Amino acid sequence: MRPRDLETIRALPCFEELDDEQLTAVATGSLLQRFPRETVLFEQGERPDFLHVLVEGSVMLYGGTAEGRETVIEILTPVDTFILAAALTDTPYLMSAKALEPSTILMLPARNLREQMATQPKLALVMMASLAAQFRRMVRQIKDLKLRTSTQRLAAYLMRLAVPAEDGVKVELPVNKQVLASRLGMTPENLSRAFATLAEQDIQIKGRTVTVGSIERLRAYCNPDTLIDDVERDLKVVLD
């Protein structure tokens, strides 16, 4: 690994507490690679040779059946590890992963990571914290899918992405509508109907740009819940 790649690893939140010796040991045999859009990084059922850390870009985690049905499990943005549980337990991936855009990914050899965790308490704590965060995120997602209507799920998703703009609050959808529908547990037709319903809440969509007329009306519609949404982090919108 090049010295500049090691500095990139050092800057990642998941490794910032490691000293030079610990970081070098963890990074031994690692790869920092740039992958083109649509690259399949691994497929479900394969055994994990690496722990992947998304540094730049976006990655889709998805599952499928033998009959060809697929569903989006999660859409990842930097900086995030995936799929940590498989790498730590040396068990097959339960999901496949694909780069949605050109992405930079750090690949840490899984066996080396497990060996280093056995002797580095700091590293073990970092990996445990990351695993716990992923577990809690998955539980929130399951509750979102089971306790909300499809339109409420869409409204909550828009809240998480909403940012102030000169002509109101905007949301730039990071994926196409087909991928978004799958991530939210809908068909593309249901997604279109959900957007139509939200038009009554002063929500307009053009291409991938969503204009939110009233952030308070959207918030009231999706009814943020601290045990489903990370309200402080995900649903905070600063208005002038």
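Relevant structure appears above.
Residues numbered from 1 in each chain as written. Predicted model: local features only at pLDDT ≥ 70, side-chain atom pairs only at ≥ 80, totals over all residues. Heavy atoms only, no water.

Asker: How would you explain the overall build of the protein if you had to name every residue and give the values?
Answerer: Broken down by element type, the protein carries 10 helices and 12 strands. Taking 2.2 N^0.38 as the reference for a compact globule, 240 residues should give roughly 18 Å; the C-alpha atoms of the protein span a radius of gyration of 19 Å, in line with that estimate. Considered along the principal axes of its C-alpha atoms, the protein spans approximately 55 × 50 × 30 Å. Sorting the 240 residues of the protein into buried and exposed places 45% on the buried side. Carbon and sulfur atoms make up 53% of the accessible area of the protein, which amounts to about 13000 Å² in all. Of note, the protein has its 29 positive side-chain charges centred 4 Å away from the centre of its 33 negative side-chain charges. (Helix = DSSP H or I, 4+ residues; strand = E, 2+ residues; numbered from the N terminus. Rg over C-alpha atoms; globule rule 2.2 N^0.38 Å. Buried < 20%, exposed > 50% of the residue type's maximum accessible area, 1.4 Å probe, protein only. Areas by Shrake-Rupley, 256 points an atom, 1.4 Å probe, with all protein chains shown as cover. Lys, Arg positive; Asp, Glu negative; His and termini not counted. Charge placed at Lys NZ, Arg CZ, Asp CG, Glu CD.)

Asker: I'd like a rundown of the packing of helix α1 (residues 3-11) against helix α2 (residues 20-27), residues and numbers included.
Answerer: Geometrically, a packed helix pair is captured by the angle between its two axes and the distance between the axes. Two elements in contact, α1 and α2, have axes separated by 11 Å at closest approach and are oriented at 110°. When the axis of α1 is compared with that of α2, the two are roughly perpendicular. Crossing of α1 over α2 shows right-handed handedness. Residue-level inspection shows L6, I9 and R10 of α1 in contact with α2, the latter providing D20, L23, T24 and A27. Looking at the contact of α1 with α2 residue by residue, the classes come out as 4 nonpolar, 1 polar and 2 charged. (Axes fitted to C-alpha atoms, helices over the stretch in contact; angles between N-to-C directions. Parallel < 35°, antiparallel > 145°, perpendicular 65-115°, else oblique. Left-handed = near helix turned anticlockwise from the far one by under 90°. Contact = heavy atoms within 4.5 Å. Nonpolar A, V, L, I, M, F, W, Y, C, P; charged D, E, K, R; others polar.)

Asker: So what's going on with unusual backbone geometry? Which residues, and what values?
Answerer: Cis geometry is found at the peptide bond from P78 to V79, where omega equals -10°. Look at the link from F82 to I83: it is a cis peptide, with omega at -25°. Here I83 lies in the loop between β6 (80-82) and α3 (84-89). One non-glycine residue, D202, adopts positive backbone phi at about 65°. Here D202 falls in the partly exposed class, since its relative accessible area comes to 36%.

Asker: How would you explain the environment of Q141 if you had to name every residue and give the values?
Answerer: By secondary structure assignment, the location of Q141 is in helix α5 (residues 121-147). Judged by its relative accessible area of 10%, Q141 is buried. On a C-alpha basis, the gap between Q141 and V59 in space is 17 Å, while along the polypeptide they are 82 residues apart. With sequence-adjacent residues up to four places away left out, Q141 is seen in contact with I73, E74 and R183.

Asker: Break down the sheet that holds strand β3 (residues 50-56) for me, citing the residues and quoting the values.
Answerer: The 4 strands are arranged β1-β8-β3-β6 in an open sheet whose pairing can be described as antiparallel. Each edge of the sheet is formed by a strand with only one pairing partner; in this case those strands are β1 (31-35) and β6. Looking at each pair of strands side by side, their axes are set apart by 30° on average, direction ignored. Where β3 meets strand β8 (residues 103-109), 6 bridges bridge the pair, whose relative direction is antiparallel. Bridging across to β8, V53 finds its partner in L106. (Pairing = 2+ DSSP bridges.)

Asker: Tell me about the pattern of salt bridges, residues and numbers included.
Answerer: As enumerated under the stated definition, the model contains 10 salt bridges in all. Here R37 ties to E38 by a salt bridge, and the two come within 3.7 Å at their closest N and O atoms. Given a relative accessible area of 37%, E38 falls into the partly exposed group. Notably, a salt bridge pairs D229 with R148, separated by 2.5 Å at the nearest N-O pair. With D229 in the loop between α9 (215-222) and α10 (231-234) and R148 in the loop between α5 and α6 (150-161), this residue pair connects regions lying 81 residues apart in the sequence. The residues D229 and R148 share a single accessibility class, namely buried. Overlapping salt bridges bring together E74, D80, R137 and R183 as one network. (Salt bridge = Lys/Arg side-chain N within 4 Å of Asp/Glu carboxyl O.)

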